[in-house]
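Geometric and topological summary
Listed here are the chains, written in short residue letters.
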Amino acid sequence: MTLVHDNLEPLEAKIRTRDVDVYYGEKQAIDSVSIDIPTEYVTAFIGPSGCGKSTFLRSLNRMNDTIPSARVEGCIELDGEDIYRTKMDVVQLRARVGMVFQKPNPFPKSIYENIAYGPRIHGLAESKSDLDEIVERSLQRAGLWNEVKDRLGESGTALSGGQQQRLCIARAIAVDPEVILMDEPCSALDPIATARVEELIADLTGRYAIVIVTHSMQQAARVSQRTAFFHLGKMVEYGRTSDIFTNPLEERTKDYITGRYG
Ligand code: ADP
């Protein structure tokens, strides 16, 4: 059972999960997680290492399908449509529910191609000038345009780590997603690059439903409006970020917030 704070205003859920269990072979990594992810906000998943944050995050766009032993049970809906039980195309799903990983992973191609690839395969551009426009808009939205506009032909992998991560965010944005999942997106970045990515998340808030897994409580407090605390595969508590950090209701949440374990 999750303790859900009772002062949450009712919001339309972009993603709605009910009683989600995730197994790796025999081992259960997620136990009966039900949550509504609102469109308007950034939702943070926090909790000690190994508690299942990343497993649960990956189940939201079927990224666990790539792990042969992984099995997802329960219901996960995107705009009311079950993403596992309907004939939803996984490539389409991952365009609607984009993902940014811990380690920046640009394609070993030009900066331009990194962005243009998705819109091209999803048929979002009719002409070269359409595509140019999408590339520029995505890079602008990711706060990277001014740094790269004169070197779009250079390799994405030649950028700094922080720039690469913003390139990966621009790549996710380019296919016009509804949700962006971020799995510890700053853990490989230095503090300055981290601050830039956090600013970017703030800029994107309200435009996309964003879910961020982070081991940094400070980061969760800075970027999110909703926080879910996970422990041993369960979602223990869920509420407004400010309440989770200043007025946690569950003992396990309190212990984690106060640094008793981590
Ligand atoms: P967190 O993101 O909170 O650190 P994870 O979701 O990575 O937690 O892991 C949750 C549990 O599932 C851990 O016990 C971890 O060892 C296990 N696990 C994660 N990925 C795999 C995998 N590919 N195969 C088997 N077990 C896994």
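Residues numbered from 1 in each chain as written. Predicted model: local features only at pLDDT ≥ 70, side-chain atom pairs only at ≥ 80, totals over all residues. Heavy atoms only, no water.

Some remarks on the site of the ligand
Taken together, the residues surrounding the ligand are Y24, K27, A29, P48, S49, G50, C51, G52, K53, S54, T55 and I67. Within the contact set of the ligand, an oxygen atom lies 2.7 Å away from a backbone nitrogen or oxygen of G50. Between the ligand and T55 there is a distance of 2.5 Å, counted from an oxygen atom to a side-chain nitrogen or oxygen. The fraction of the free accessible surface of the ligand (560 Å²) that becomes covered by protein chains is 64%. (Near = heavy atom within 4 Å. Polar contact = N/O pair within 3.5 Å; in protein donor to acceptor, adjacent residues only side chain to side chain. Areas by Shrake-Rupley, 256 points an atom, 1.4 Å probe, with all protein chains shown as cover.)

Focus: the layout of surface pockets
Each pocket or cavity is described by its volume, and for the largest pocket that value is around 430 Å³. Lining the largest pocket are 19 residues; nearest its centre among them are R94, M99, F107, R171 and V175. At the level of secondary structure, the elements contributing two or more residues to the lining of the largest pocket comprise helix 2 (90–96), strand 7 (97–100), helix 3 (111–121) and helix 6 (161–174). With 4 residues, the single largest contributor to the lining of the largest pocket is helix 2. Broken down by class, the residue content of the lining of the largest pocket amounts to 12 nonpolar, 5 polar and 2 charged. The space that makes up the second largest pocket amounts to roughly 370 Å³. What lines the second largest pocket is a set of 22 residues, and nearest its centre among them are V4, S34, I35, D36 and Y238. (1 Å grid on protein atoms, 1.4 Å probe; cavity = no way out; pocket = protein on both sides within 12 Å on 5 of 7 lines; lining within 4 Å. Points joined across faces, edges and corners; volume = space filled by probe spheres on them. Helix = DSSP H or I, 4+ residues; strand = E, 2+ residues; numbered from the N terminus. Nonpolar A, V, L, I, M, F, W, Y, C, P; charged D, E, K, R; others polar.)

Here's the deal with the packing of aromatic side chains
Inspection of the entire model under this criterion finds 5 aromatic pairs. Ring geometry for F45 versus F56: centroids 5.6 Å apart, planes at 40°, classification tilted. You can see F45 sitting in strand 4 (residues 42–46) and its partner F56 sitting in helix 1 (residues 53–59), a full 11 residues away along the chain. In this structure, F45 and F56 share a single accessibility class: buried. Between F56 and F230 the ring centres are 5.7 Å apart and the planes differ by 45°, which places this aromatic pair in the tilted class. (Phe/Tyr/Trp six-rings, centres within 6.5 Å; stacked < 30°, edge-to-face > 60°. Buried < 20%, exposed > 50% of the residue type's maximum accessible area, 1.4 Å probe, protein only.)

Structural notes on the pattern of salt bridges
The final tally for this structure, using the stated rule, is 19 salt bridges. The closest approach of N and O atoms between E9 and R226, which form a salt bridge, is 3.0 Å. Residue E9 is found in the loop between strand 1 (3–4) and strand 2 (13–24), and its partner R226 is found in strand 10 (residues 226–231); the two are separated by 217 residues along the sequence. On the basis of relative accessibility, which here comes to 32%, the residue E9 falls in the partly exposed class. You can call R226 buried: its relative accessible area is 4%. One salt bridge connects D36 with R18, and the closest N-O pair in it is separated by 3.0 Å. (Salt bridge = Lys/Arg side-chain N within 4 Å of Asp/Glu carboxyl O.)

Focus on unusual backbone geometry
Peptide bonds are trans in most cases, and residues, glycine excluded, mostly fall at negative phi. Even without being a glycine, E184 presents a positive backbone phi close to 50°. Within the element layout of this structure, E184 appears in the loop between strand 8 (179–183) and helix 7 (191–204). In this structure E184 comes out as buried when scored by relative accessible area, which is 12%. The backbone of L232 sits at a positive phi, close to 45°, despite the residue not being glycine. In this structure, L232 sits in the loop between strand 10 and strand 11 (234–240). Assessed through its relative accessible area of 69%, L232 is described here as exposed.

Overview of the pairing of strand 5 (residues 70–78)
Bridge analysis of strand 2 against strand 5 gives 8 bridges, and the strand direction is antiparallel. Across the sheet, D21 pairs through a bridge with E73, a residue of strand 5. Relative to strand 6 (residues 81–82), strand 5 runs antiparallel, the two sharing 2 bridges. By the bridge assignment, E77 is partnered in strand 6 with D82. Counted along the chain from strand 5 to the antiparallel partner strand 6, the turn is 2 residues long, and its residue D79 has a positive phi close to 50°. (Pairing = 2+ DSSP bridges.)

A look at helix 7
Counted at 1.5 Å a residue, the expected span for helix 7 with its 14 residues is 20 Å, and the 20 Å between its end C-alpha atoms agrees. Residues A193, T194, V197, E198, L200, I201 and L204 constitute the buried set of helix 7. Projected down its long axis, helix 7 shows its buried positions confined to an angular sector of 155°, all on one face. Helix 7 presents P191, I192 and D203 as exposed residues on the side facing more than 90 degrees away from its buried surface. Looking at the buried residues of helix 7, the elements they touch are strand 4, helix 4 (128–141), helix 6, strand 8, strand 9 (209–213) and helix 8 (217–223). Looking at where helix 7 begins, the residue whose side-chain oxygen comes 3.0 Å from the main-chain nitrogen of I192 is D190. (Expected span 1.5 Å × (residues − 1). Arc of directions from axis to C-beta. Contact = heavy atoms within 4.5 Å.)

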